[in-house]
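Each chain, written out:
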Amino acid sequence: AAIIEEVGQFCGGTGFAGQFAGNLDGFIAELQQRWKAQVEHDRERGVVRLSFGSAGGDCHCPLMSKATVPPAACRCSVGSIRQMFTIVAQRAVQCELTEAVRQGGARCAFEIGLDSAS
């Protein structure tokens, strides 16, 4: 799992998150527009809940497909999401996968802890 998350970390560090370093609200707006993501930001608890569906029930990631990757590949998204929010928050964050299409869920959902890192 750690190796797969590390691959995702690399992917998350090479994308658009850097444009939003220090601008969490702008990053959230971009996720809503770019990924059609549902995002809830609980400022009091320092938690962001991020979820998105996928066309035809397949994986949201353009590099993944239900036909070609095992459910363990979802750990890649954990690493990617964690890295993007780390860049934006400018500090280490936690990221937990709470639901995944590849694991039988209706959507992919993550909970990002902005105030404490593991």
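Residues numbered from 1 in each chain as written. Predicted model: local features only at pLDDT ≥ 70, side-chain atom pairs only at ≥ 80, totals over all residues. Heavy atoms only, no water.

1. Some points on the environment of Val39
Within the secondary structure layout, Val39 lies in strand E1 (residues 38-42). In this structure, the C-alpha to C-alpha distance between Val39 and Ile28, residues 11 residues apart in sequence, is 6.9 Å. Look past the residues within four positions of Val39 in its chain and what remains in contact with it is Ile28, Gln32, Val48, Arg49 and Leu50. (Helix = DSSP H or I, 4+ residues; strand = E, 2+ residues; numbered from the N terminus. Contact = heavy atoms within 4.5 Å.)

2. Notes on the nonpolar core
In this structure, Phe27, Trp35, Leu50, Ile81, Phe85, Phe110 and Ile112 are the most contacted members of the largest nonpolar core, which totals 29 residues. Top element by residues in this core is helix H3 (residues 74-89). It accounts for 7 residues. (Core = buried A, V, L, I, M, F, W, Y, C linked by side-chain atoms within 4.5 Å. Buried < 20%, exposed > 50% of the residue type's maximum accessible area, 1.4 Å probe, protein only.)

3. Topic: the pairing of strand E2 (residues 47-52)
The element E2 is extensively covered by neighbouring structure, given that 5 of its 6 residues are classed as buried. Bridging between E1 and E2 involves 5 bridges; their strand directions are antiparallel. Bridging from a neighbouring strand, Gln38 pairs with Ser51 of E2. Taking the residues between adjacent antiparallel strands as the criterion, E1 and E2 are bridged by 4 residues, where Gly46 takes a positive phi near 70°. With 6 bridges connecting them, E2 and strand E4 (residues 108-113) associate as antiparallel partners. Its bridge partner lying in E4, Leu50 is registered against Phe110. (Pairing = 2+ DSSP bridges.)

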